[in-house]
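Chain by chain, the residues run as shown.
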Amino acid sequence: MCGIVCAFDIKQKVDDLRPQVLEMAKTIRHRGPDWSGIYSDDKVIMAHERLAIVDPASGKQPLFSPDKKLILAANGEIYNHKALRSQFPDYDFQTESDCEVILALYQEKGVDFVDDMNGIFGFAIYDAEKDEYFVARDHMGIIPLYIGWDKNGTFYVASELKALEGICTKIELFPPGHYMSSKDGEFVKWYKRDWSEYEAVKENETSVAEVKQALEDAVHRQLMSDVPYGVLLSGGLDSSVTSAIAKKYSERRVEADDKEKAWWPQLHSFSVGLEGSPDLAAAKKVADHIGTVHHEIKFTIQEGLDAIKDVIHNIETYDITTIRSSTPMYLMARVIKSMGIKMVLSGEGADELFGGYLYFHKAPNAQEFHEETVRKLDKLHMYDCLRANKSLAAWGIEGRVPFLDKEFMDVAMRINPKDKMINGERMEKWVIRKAFEDYIPESVAWRQKEQFSDGVGYSWIDTLKELVEKEVTDEQIENAKFRFPINTPLNKEEYYYRTIFEGHFPSDAAALSVPQEASVACSTATALEWDEAFKNMNDPSGRAIANVHSDSYVKA
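One structure accompanies this document, and this report is about it. (Residues numbered from 1 in each chain as written. Predicted model: local features only at pLDDT ≥ 70, side-chain atom pairs only at ≥ 80, totals over all residues. Heavy atoms only, no water.)

Examining the side chain of Asp-384
Here is step 1 of the chain: Among the secondary structure elements, Asp-384 is positioned in helix α11 (residues 384–393).
Here is step 2 of the chain: Ignoring sequence-local partners within four residues, the contact set of Asp-384 consists of Glu-348, Glu-352 and Tyr-357. (Helix = DSSP H or I, 4+ residues; strand = E, 2+ residues; numbered from the N terminus. Contact = heavy atoms within 4.5 Å.)

Observations concerning helix α19 (residues 492–504)
Here is step 1 of the chain: In this model, α19 (13 residues) spans 19 Å end to end at C-alpha, consistent with the 18 Å of a helix rising 1.5 Å per residue.
Here is step 2 of the chain: Lys-492, Glu-493, Glu-494, Tyr-495, Tyr-497, Arg-498, Ile-500 and Phe-501 are the residues of α19 that are buried.
Here is step 3 of the chain: Looking at the packing, one finds that the buried side of α19 touches α7 (301–315), α8 (320–338), α16 (458–471), α17 (474–478), α18 (480–483) and α20 (508–511).
Here is step 4 of the chain: Residue Asn-491 occupies the N-cap position of α19, its side-chain oxygen lying 3.2 Å from the main-chain nitrogen of Glu-493. (Expected span 1.5 Å × (residues − 1). Buried < 20%, exposed > 50% of the residue type's maximum accessible area, 1.4 Å probe, protein only. Polar contact = N/O pair within 3.5 Å; in protein donor to acceptor, adjacent residues only side chain to side chain.)

Notes on the sheet that holds strand β11 (residues 178–181)
Here is step 1 of the chain: Within the open sheet, the six strands sit side by side as β4-β5-β6-β7-β11-β12. Their pairing is antiparallel. Each having just a single partner strand, β4 (63–64) and β12 (187–189) make up the two edges of the open sheet.
Here is step 2 of the chain: Inspection of the sheet shows β11 paired to β12 by three bridges, in the antiparallel sense. Opposite Tyr-179, over in β12, you have Val-188 as the bridge partner. (Pairing = 2+ DSSP bridges.)

A look at the nonpolar core
Here is step 1 of the chain: Counting residues in hydrophobic clusters, the biggest one holds 89 residues, and the most contacted among them are Ile-102, Phe-113, Met-117, Phe-123, Phe-408 and Ile-432.
Here is step 2 of the chain: Dropping the residues within four chain positions of it, Phe-408 is found in contact with Val-211, Ala-214, Leu-215, Ala-218, Arg-221, Leu-353, Phe-354, Pro-402, Phe-403 and Ile-432.
Here is step 3 of the chain: Counting residues in each nonpolar core, the second largest holds 58 residues, with Val-21, Ile-397, Ala-509 and Ala-511 among its members. (Core = buried A, V, L, I, M, F, W, Y, C linked by side-chain atoms within 4.5 Å.)

Considerations on unusual backbone geometry
Excluding glycine, most residues fall at negative phi; most peptide bonds, likewise, are trans.
Here is step 1 of the chain: Residues Gln-61 and Pro-62 are joined by a peptide bond in cis, for which omega reads 0°.
Here is step 2 of the chain: Unlike most non-glycine residues, Lys-68 shows phi in positive territory, near 70°.
Here is step 3 of the chain: Within the fold, Lys-68 resides in the loop between β4 and β5 (70–78).
Here is step 4 of the chain: Phi is positive for Asp-257, which is not a glycine, with a value near 55°.
Here is step 5 of the chain: Within the element layout of this structure, Asp-257 appears in the loop between α5 (237–249) and β14 (268–273).

Digging into the sheet that holds strand β10 (residues 168–173)
Here is step 1 of the chain: Pairing in this open sheet of six strands is antiparallel, and the strands run β2-β3-β1-β9-β8-β10 from one edge to the other. A single partner strand is all that each edge strand has here, and the edge strands are β2 (35–40) and β10. Mean inter-strand twist for the sheet, computed between neighbouring axes without regard to direction, equals 15°.
Here is step 2 of the chain: Inspection of the sheet shows strand β1 (residues 3–8) paired to strand β9 (residues 155–158) by four bridges, in the antiparallel sense. (Axes fitted to C-alpha atoms, helices over the stretch in contact; angles between N-to-C directions.)

Concerning the environment of Ile-143
Here is step 1 of the chain: Secondary-structure assignment places Ile-143 in the loop between β7 (132–137) and β8 (146–150).
Here is step 2 of the chain: Separated by 40 residues in the primary sequence, Ile-143 and Lys-183 have C-alpha atoms spaced 24 Å apart.
Here is step 3 of the chain: Those residues within four positions of Ile-143 in sequence are excluded, and the remaining contacts are Met-1, Asn-75, Gly-76, Ile-120, Phe-121, Gly-122, Arg-137, Asp-138 and Asn-389.

A short note on the environment of Ile-323
Here is step 1 of the chain: Mapped onto the fold, Ile-323 is located in helix α8.
Here is step 2 of the chain: Overall, Ile-323 belongs to the buried group, its relative accessible area being 1%.
Here is step 3 of the chain: Expressed as a C-alpha distance, the spacing of Ile-323 and Tyr-79, which sit 244 residues apart in the sequence, is 30 Å.
Here is step 4 of the chain: In contact with Ile-323, other than residues within four places in its own chain, are Ile-312, Ile-315, Thr-317, Tyr-318 and Tyr-497.

Quick notes on the packing of helix α4 (residues 208–222) against α5
Here is step 1 of the chain: For the pair α4 and α5, the least separation of the axes is 9 Å and the interaxial angle reads 65°. α5 is crossed by α4, and the crossing has right-handed handedness. Taken together, the residues of α5 that come into contact with α4 (itself represented by Leu-215, Glu-216, Val-219 and His-220) are Val-241, Thr-242, Ile-245, Ala-246, Lys-248 and Tyr-249.
Here is step 2 of the chain: Of the residues that constitute the contact of α4 with α5, the class distribution is six nonpolar, two polar and two charged. (Left-handed = near helix turned anticlockwise from the far one by under 90°. Nonpolar A, V, L, I, M, F, W, Y, C, P; charged D, E, K, R; others polar.)

A closer look at the pairing of β11
Here is step 1 of the chain: The alternating pattern of β11 places His-178 and Met-180 and Tyr-179 and Ser-181 on opposite faces, both of which are buried.
Here is step 2 of the chain: Pairing of β7 with β11 involves three bridges; the strand directions are antiparallel. In the sheet register, Phe-134 faces β11, and the bridge partner there is Ser-181.
Here is step 3 of the chain: Taken together, β11 and the strand that follows it, β12, pair antiparallel across an intervening segment of five residues, in which Gly-185 is found at a positive phi of about 70°.

Focus on the packing of α8 against α16
Here is step 1 of the chain: In contact at an axis separation of 11 Å, α8 and α16 are set at 125° when each is read in the N-to-C sense. As summarised for this structure, α8 and α16 are arranged oblique, according to the angle between their axes. Where α8 crosses over α16, the two elements pack in a sense that is right-handed. On α16, the residues that touch Arg-324, Thr-327 and Pro-328 of α8 are Trp-460, Ile-461, Leu-464 and Lys-465. (Parallel < 35°, antiparallel > 145°, perpendicular 65-115°, else oblique.)

Quick word on the packing of aromatic side chains
In this description, an aromatic ring pair is defined by two values, namely the gap between the centres and the angle between the planes.
Here is step 1 of the chain: Across all of its chains, the model carries 31 aromatic pairs by this definition.
Here is step 2 of the chain: Note on Phe-121 and Phe-123: the rings are 5.6 Å apart at their centroids and 45° apart in plane angle, and the pair reads as tilted.
Here is step 3 of the chain: We classify Phe-121 as buried; its relative accessible area is 2%.
Here is step 4 of the chain: The exposure class of Phe-123 is buried, given its relative accessible area of 0%.
Here is step 5 of the chain: Consider the rings of Phe-436 and Tyr-439, whose centres lie 5.3 Å apart with planes at 90°: the pair is edge-to-face. The exposure classification of Phe-436 matches that of Tyr-439, with both residues buried.
Here is step 6 of the chain: Three or more aromatic residues joined by ring pairs form one cluster here, namely Tyr-106, Phe-113, Phe-121, Phe-123, Phe-134, Tyr-179, Trp-190, Tyr-191 and Trp-195.
Here is step 7 of the chain: For Arg-85, the ring lying beneath its charged end belongs to Phe-93, and the centroid distance is 4.2 Å. (Phe/Tyr/Trp six-rings, centres within 6.5 Å; stacked < 30°, edge-to-face > 60°. Lys NZ or Arg CZ within 6 Å of the ring centre and 35° of its normal.)

What about the environment of Gly-141?
Here is step 1 of the chain: Take Gly-141: it is sitting in the loop between β7 and β8.
Here is step 2 of the chain: The class of Gly-141 is buried, set by a relative accessible area of 2%.
Here is step 3 of the chain: A C-alpha to C-alpha distance of 4.5 Å links Gly-141 and Pro-176, two positions 35 residues apart in sequence.

Considering the pattern of salt bridges
Here is step 1 of the chain: Across all of its chains, the model carries 41 salt bridges by this definition.
Here is step 2 of the chain: In this structure, the salt-bridge partner of Lys-43 is Asp-131, at a minimum N-O distance of 3.6 Å. Remark: Asp-131 occurs in the loop between β6 (119–127) and β7 and Lys-43 occurs in the loop between β2 and β3 (45–50); sequence separation between them is 88 residues.
Here is step 3 of the chain: With a shortest N-O distance of 2.8 Å, Glu-372 and Arg-375 are connected by a salt bridge. Within this pair, Glu-372 and its partner Arg-375 are both found in helix α10 (residues 366–379), separated by three residues, close to a single helical turn. (Salt bridge = Lys/Arg side-chain N within 4 Å of Asp/Glu carboxyl O.)

Worth remembering: the numbers are spatial, not functional.
Here is the structure:
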């Protein structure tokens, strides 16, 4: 995981702007504490903060083409870089960095190369000869990327909001699955899939074996690393499956095509929770079963509450669900960092792909079910991807998400949606459970979905609700539209987080970069129509679904 800050279309003197860009890059140095690099000429400035995962010795950035005419600042990992490199036998690669292949692709194909890559990325290329730049973001927005303009009209690209706050008068999210060229300045959608439409998948066959192989392949290629790595293991289905697959391959070195022993053959797993939480107990059971070196990170409610201000500064949102679940993840990441781990696999994305959230029990038919999964995937960059990336990057750790691997997603989203639906015979994510029931304990393979913020201990959420009830008055909520005319808080918890966010990011431009949508158990607003009881609720906890969650708030 790295951080970039680039200035294009510069309207000031470069000598005056360069110190400012260096200061902007410094605000995101947590993302890349291993090296700082910068390129500047009289037209552009490109700063890079590096976290070395692949080729630590020579892969520092910005990277250059052999003729020095193309300059690249990239944050990400290109999992198929070796296969792509083989397409360019005459290209004079300067390093072993996985990201260098981006320059070869751009030089050969122009802008039409992004879908060739399987990876996670946010990058900018500058062509010094043509005075043109090119910016792109990965298919799901797993890597964060922002753009902005200052009062003079200089255009900026940055990995995090905090680099632009106070500098830019206009800030936007760079949309996932898009690229932009300075030739026309337009966003172009490069990530297009037929499975976005129900008609394209409604008659498809479902192969459990194909899903199993595709996920194994995704985990295997994402173990690409020259530094110590681990797995996040919550004890839920998704992280248990990715951890079990990682353990299967961890004894061999992926970068050497599994022909060499791994540099760090012992796989370490990490779980976080309050004392006695559901996740800790389940994670320990899985770790014992698959044979990882397991670490339980226990936090107190007070430690969680004390961290919230720092969490909001790092994850750059006031969304309730994201803050609830980011706090324990942020605390866990600090401990992981202290052990020398620089990369971890995590289980995000499975609930969106397979309809794992408990509100999917209420989906009226296969078409509605499928269309909701597509909506969830489209929004994921503002929620779970943001949480996983920034909570870990706060401590210089890279998070990888095999369920959102580009190739695996094509397999998962093309299976027949009716086979994902929950009925009397099948529970949520039945396909994944069936595919990997032999890899993990039966009690975990068939354990009910727990949202991360619930699973770390129910009292965490309950205490947050009690806290905001004391801290925010009814009068403040009634007058919230005056204090916060942009994305006015809908309840006391959101108001509380918004106040902290404003302290870090006071500009309207920053406030506009955060999503706001009514939700029940992480649903989109559209899915609220599935059940009459949803319409008057706004609670992201899975326990909000009566008669579905075993510990729901209301038993009908």
